[in-house]
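Summary of structural features
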Number of protein chains: 2
Amino acid sequence: MGNADVIVVGAGIAGLTAAREVTGAGRSVQVLEARHRVGGRTTGDTLGTGAVVEMGGQWVGPQQTEVLALLDELGLATFPTYDEGHHLTIRDGTITRYRDQTFGMPEASLPEIARVGEELESLAASVPLSAPWLTPDALALDRQTFAAWLAATTDDPEAARFFHLLTEALFSAEPWELALLHVLFYVRSNGSLDNLAATTGGNQEARVVGGSHRISERLAEQLPPGSLQLDAAVSVVRQRDGGVTVTYDRGEVSAARVIVALPPTLAGRLRYDPPMPAPRDGLTQQLPMGCVIKIQAGYPTPFWREAGLSGQVLSCDDLLGFTFDNSPPDGSSGVLTGFFEGAHARQAAELTADRRRELVVDSLVRFFGDAAAEPIEYVELDWMAEEHTRGCYGGRLGAGAWTAYGEALAAPVGRIHWAGAETAEVSNGYMDGAVRSGRRAAAEVLAANA
Amino acid sequence: MGNADVIVVGAGIAGLTAAREVTGAGRSVQVLEARHRVGGRTTGDTLGTGAVVEMGGQWVGPQQTEVLALLDELGLATFPTYDEGHHLTIRDGTITRYRDQTFGMPEASLPEIARVGEELESLAASVPLSAPWLTPDALALDRQTFAAWLAATTDDPEAARFFHLLTEALFSAEPWELALLHVLFYVRSNGSLDNLAATTGGNQEARVVGGSHRISERLAEQLPPGSLQLDAAVSVVRQRDGGVTVTYDRGEVSAARVIVALPPTLAGRLRYDPPMPAPRDGLTQQLPMGCVIKIQAGYPTPFWREAGLSGQVLSCDDLLGFTFDNSPPDGSSGVLTGFFEGAHARQAAELTADRRRELVVDSLVRFFGDAAAEPIEYVELDWMAEEHTRGCYGGRLGAGAWTAYGEALAAPVGRIHWAGAETAEVSNGYMDGAVRSGRRAAAEVLAANA
């Protein structure tokens, strides 16, 4: 194989953004991607109705300025997530319709939910994004789980339930799987809890016309010919004699530097020669991915809209915990997307595909009525089973890990640089974070005069 | 490469015991070992005085019947760990000498320490070793950290400190890094807290003449010629057409079945084709190894014995938290072994080797007097930096992981079977557990008529 100035491992948004920056600065790049497609945790599908659906990450919000600017550069448009009508919250068999900031939680618990949220925000404000381990009282904040903090912070079972649900929605993980410090970092990194949770005005505000996977496809199309190899799973990264050599399925490629743009847990599975320093290796031993199965159910029309419903559901009762209206921009057909998350995703994964579909349809009928009973199309993606992702939305740090290993998350190791949404200071976990991380890693490489 | 009936990945005690069982049943085996030596987490060194020292796992106890029987079969003798004289506990600058069950903790806290221990033992008694996830109230026990349980269980800071210290000693990890359920399982798996902690009568009772690495060396010597390849790091395990093919550094080998006898986190770094089912993959994402640096300081004589000291120290004040007399059986020279564990190991790893040695010597002088100031030899092994182990003593499960992923720990995946101390029901984490796991995996393979 030929040589390049820089090798990028992983053709998701982070890796391809890094490659774009590197080639934009006049350097050559070789991007190696394990899959037969680009996009990483973004990938699309087209339903029989012609509706494009996003099977992975899909939304962008107004604070996510880097991905918005990139969309502009790439000539990709956005359109608003459908956010009209009433949302639903399902709790103990009761369906609550709402159109405000209450999330359909009981009136009596709203002040407590607000108080807990404010306490979280106030703690989050103290996290330095470039070094969460330097947060005042970092050890104490890190060595407790978010679940333990919640239990100590509120006696209101409805408030506890709300933050449990929110944790699943935001992290695809359970409150005991996350350090409090990780939650605080994530809230700060993404502006606020409101920003994380909101549709209009927040991180779920808009979708990409043609699907979010178009970002990576466009980025790939614009790379110089021959810069990208698909079906090229990397196995070994060697640093030697002032350069790096990367071994992949069909050969080797050499460069001055490499950007590994994989989720940290997968980056930890590569073989490095010389081996990774212990703190970096230890980090990758304890940054597991979230658990999610995403589904899309297609209907002839977005019939729930006529009933005054937004399609947005939070359910405490169902394995399918969250849904959104995911219809095409013109509403020419109806699509509901939904998520099994955290423990629910693990449970749902044990079912047969038929039984899981039944379960989804049962839930959708409960949420939206009998018209939901016969989707004309149903697709799903179990991200835990994806060999080259192994979970979504992203990696998380459990109790104690940020203060013990956090410094190794983005710090280059010799000629190896790290990108990916987990390594982003701002918009961590999101496409915007992926873009930022790719730019940061490319800047490191270019500054080092690769 | 030639074929064999069974492939074993990893020539530690678990893998080599499995290989012995397989060849004992008349089947052929091919053992692939990444290192240039056998033994895995057991390895020896010889000091200038001729004293053999164990740089990894070293002790066996009276309840560890499988490893004791194997030692007999292999013609290896044991000798008692030096356990005479007074032990020392260092706390807030005070040195307490003791020769009883008090661990040198303050008199006033002993009843509370006993009460907390009894509570732990009583909870541990409810853990079914073959399925910890079926423990009564498993979810609640699993979803809290051991640290959180300790904080909720005792207000006595000395009792809390004692169990913190004990956690580091037993797990090379911190109380917030472990689920309560993991601690309970471990206590039950190893008989009792007393058994875990005790020297005479417990898991530290005896040593192997010639060093514990002799177990693996003998096992390897007794394999049929050509059954073992060193320097053979495995990268890919393929299941296809009723067999398995394993790719390693210099080629491929095929067999009916494979036993992967690596710590789970390292097993998770191999590439599997077809890919691992999600629960198994998820497990290996969250079973990080403990952190430990083990040191040996050699002296002309075991001078502390004359001062009436056993050489056994627990220190709350030092990074070097634990020491033992590790002199040769005849006491012809003196050796002290010591451990940096958990957070202390990570801290100590950041120092230069010289500074770390100074720190060790300072601690040993504080413990044993000026005679400790000039060791004639000093060796250390940072297990975190070992590419083919990545931490010791073993893997642990954090909050929520046993109930979410535990079933995948030892369950075969098609023709792939799992061995290693982490997969043992009895003596989990110890050499005895490694032997048991190797026998169990071999029995699975033989029962499947490999």
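Just so you know, the residues in each chain are numbered from 1, in the order the chain's sequence is written. As a convention, the first chain written is A and the first ligand written is 1, with the rest following in written order. Residues qualify for local features only when their pLDDT is at least 70, as the model is predicted, and side-chain atom pairs are given and counted only at 80 or more; totals for whole chains, interfaces and linings, by contrast, use all residues. Side-chain measures were taken over the full set of non-hydrogen atoms in the model, leaving aside hydrogen atoms and water.

Looking at an unreviewed UniProt entry, one finds chain A named FAD-dependent oxidoreductase and attributed to Natronosporangium hydrolyticum. The Cofactor (unreviewed entry) comment attached to chain A in UniProt states, word for word, "FAD". The heading Sequence similarities (unreviewed entry) in the UniProt record of chain A holds the text "Belongs to the flavin monoamine oxidase family." UniProt positions are given in the numbering used here, feature names are shortened, and annotations may be inferred rather than shown by experiment.

**So, the sheet that holds strand β21 (residues 416-418) of chain A**
Residue and element names in this part refer to chain A. Spatially, the 5 strands line up as an open sheet ordered β10-β2-β1-β14-β21, and their pairing is parallel. Every other strand in the sheet has two partners, leaving β10 (228-229) and β21 as the edge strands with one partner each. Looking at chain direction, strand β1 (residues 6-9) and strand β2 (residues 29-32) are connected through 4 bridges and run parallel. Residue pairing for β2: I7 is matched across the bridge by Q30. Here, strands pair whenever DSSP counts at least two bridges between them. Numbering of helices and strands runs from the N terminus, with a helix taken as a DSSP run of H or I at least four residues long and a strand as a DSSP run of E at least two residues long.

**Overview of the domain arrangement of chain A**
The accessible area lost on association of the parts is a frequent measure of interface size. Residue and element names in this part refer to chain A. These domain boundaries are the output of an automatic or database domain assignment. For chain A, the domain assignment lists domain 1 (6-40 + 212-287 + 397-447) and domain 2 (109-196). Relative to domain 2, the C-alpha centre of domain 1 lies at a distance of 29 Å. Only heavy atoms matter for contacts: two residues are in contact if any of them lie within 4.5 Å across the pair. Contact residues are listed per partner, giving 17 residues for domain 1 and 21 residues for domain 2. As used here, buried area is the combined drop in accessible area, with a 1.4 Å probe, of two parts when they are placed together. Among the residues of domain 1 in contact with domain 2, W402, T403 and E425 are the three that bury the most area, contributing 43% of the side total. Polar contact is defined as a pair of N or O atoms within 3.5 Å, subject to the rule that within protein one atom must be able to donate a hydrogen and the other to accept it, and that residues adjacent in sequence are counted only when both atoms are side-chain atoms. Inspection of the region where domain 1 meets domain 2 yields 11 residue pairs in polar contact (both at pLDDT 80 or more). Gly counts as polar in this scheme, as do all residues outside two lists: the nonpolar Ala, Val, Leu, Ile, Met, Phe, Trp, Tyr, Cys and Pro, and the charged Asp, Glu, Lys and Arg. For the side of domain 1 that touches domain 2, a count of residues per class yields 8 nonpolar, 7 polar and 2 charged.

**A word on the environment of A:L359**
Residue and element names in this part refer to chain A. Counting through the fold element by element, L359 comes out in helix α14 (residues 353-368). A relative accessible area of 18% means that L359 is categorised as buried. Each C-alpha atom of the pair L359 and M105 lies 24 Å from the other, and the pair is 254 residues apart in sequence. Among all residues touching L359, those that are not within four sequence positions of it are L319, F340 and L351. Burial classification: accessible surface area is computed with a 1.4 Å probe over protein chains only, and a residue below 20% of its type maximum counts as buried, one above 50% as exposed, and the rest as partly exposed.

**Concerning the confidence of the model for chain A**
With 99% of its residues at a pLDDT of 70 or more, chain A has an overall mean of 97. Confidence metrics for the complex model read pTM 0.98 and ipTM 0.97. pLDDT expresses, on a scale from 0 to 100, how confident the predictor is about each individual residue.

**Description of unusual backbone geometry**
Residue and element names in this part refer to chain B. With omega at 0 degrees, the peptide bond leading from D273 into P274 counts as cis. Along the chain, P274 turns up in the loop between β15 (271-273) and α11 (278-285). The residue after C392, namely Y393, is reached through a cis peptide bond having omega -10 degrees. The phi dihedral of D231 is positive, around 50 degrees, even though this residue is not glycine. Checked against the element boundaries, D231 lands in the loop between β10 (228-229) and β11 (234-240). Residue D231 is classed as partly exposed on the basis of its relative accessible area of 33%.

**Looking at the interface of chain A and chain B**
With 33 residues of chain A in contact, the opposing surface of chain B contributes 33 residues. Carbon and sulfur atoms make up 44% of the area that chain A and chain B hide from each other, which totals about 2800 Å². Broken down residue by residue, the surface that chain A buries against chain B is led by A:W176, A:R269 and A:Q285, which jointly contribute 25%. Salt-bridge detection follows one rule: a side-chain nitrogen of Lys or Arg within 4 Å of a carboxyl oxygen of Asp or Glu. The interface formed by chain A and chain B holds 8 salt bridges in total.

**Description of the UniProt feature "binding site: FAD" (unreviewed entry) in chain A**
Residues and elements named next belong to chain A. When the UniProt feature table is mapped onto this chain, "binding site: FAD" (unreviewed entry) is found at E33, A34, V234 and E422. Looking at the element boundaries, V234 is found in strand β11 (residues 234-240). Along the chain, E422 falls in the loop between β21 and α16 (431-447). In contact with E422, other than residues within four places in its own chain, are R41, P263, P264, L287, M289, Y393, G394, G395, L409 and N428. Only 2.9 Å separates the side chain of E422 from the side chain of R41, close enough to count as a polar contact.

**Details of the sheet that holds strand β5 (residues 59-60) of chain A**
Residue and element names in this part refer to chain A. Spatially, the 3 strands line up as an open sheet ordered β5-β9-β6, and their pairing is antiparallel. Strands with a single pairing partner mark the edges of an open sheet, and in this sheet they are β5 and β6 (78-80). Relative to strand β9 (residues 206-208), β5 is paired through 2 bridges, and the arrangement is antiparallel. Bridging across to β9, V60 finds its partner in A206.

**So, helix α2 (residues 65-73) of chain A**
Residues and elements named next belong to chain A. Turning to α2, its buried residues are V67, L70 and L71. End-on, the buried residues of α2 take up no more than an arc of 105 degrees, which puts them together on one face. Packing partners of the buried residues in α2 comprise α1 (13-24), β5, β6, β9, α9 (213-221) and α16. Positioned one or two residues after α2, G75 has a phi angle of 70 degrees, which is positive. In this description, the arc belongs to the directions extending from the helix axis to the C-beta atoms.

**Concerning the pattern of salt bridges**
Under the definition given, this model contains 58 salt bridges over all chains. A:D281 serves as the salt-bridge partner of B:R390, at 3.1 Å between the closest nitrogen and oxygen. Note that B:R390 is positioned in the loop between β20 (377-382) and α15 (401-405) and A:D281 in helix α11 (residues 278-285), a pairing that runs across two chains. In this structure, B:R390 and A:D281 share a single accessibility class: buried. The shortest N-O distance in the salt bridge between B:D273 and B:R240 comes to 2.8 Å. Of this pair, B:D273 sits in strand β15 while B:R240 is found in strand β11, placing the two residues 33 residues apart along the sequence. Each of A:R20, A:E21, A:E66, A:E73 and A:R439 takes part in salt bridges that share partners, so that together they form one network.

**Let's talk about the side chain of A:R396**
One can find A:R396 in the loop between β20 (377-382) and α15 (401-405). Of the polar contacts made by the side chain of A:R396, one reaches the side chain of B:Q286; its length is 3.2 Å. With sequence-adjacent residues up to four places away left out, A:R396 is seen in contact with A:A173, A:E177, A:L178, A:H182, A:Q286, A:L287, A:P288, A:M289, A:G290 and B:Q286.

**What about the relation of the copies chain A and chain B?**
Superposing the copies works by least squares over the C-alpha atoms of residues that have pLDDT at least 70 in both of them. Take chain A, turn it by 180 degrees, move it 0.0 Å along the axis, and it overlays chain B with an RMSD of 0.0 Å. Such a turn and shift between the copies fits a two-fold axis. Closest approach to the rotation axis among the C-alpha atoms of chain A is made by A:R269, whose C-alpha sits 2.2 Å away. Looking at chain A, 100% of its interface residues are interface residues in chain B too, so the copies touch through the same face.

**Quick look at the packing of aromatic side chains**
Pairing of aromatic side chains requires ring centres within 6.5 Å, counting the rings of Phe and Tyr and the six-membered ring of Trp. Pairs whose planes differ by under 30 degrees are stacked, by over 60 edge-to-face, and all others tilted. Under the criterion given, the structure shown has 31 aromatic pairs over all chains. Seen from their ring centres, A:F339 and A:Y393 are 6.5 Å apart, and the 90 degrees between their planes marks the pair as edge-to-face. With a gap of 54 residues between them, A:F339 in strand β19 (residues 334-341) and A:Y393 in the loop between β20 and α15 connect regions that are remote in the sequence. By relative accessible area, A:F339 is classed as buried at 7%. To sit over a ring, a charge needs its Lys NZ or Arg CZ within 6 Å of the ring centre and within 35 degrees of the ring normal. The residue whose ring lies beneath B:R280 is B:W418, and the NZ or CZ to ring-centre distance is 3.5 Å. One cation-aromatic arrangement involves B:K294 over B:W59; the distance from NZ or CZ to the ring centre is 5.8 Å.

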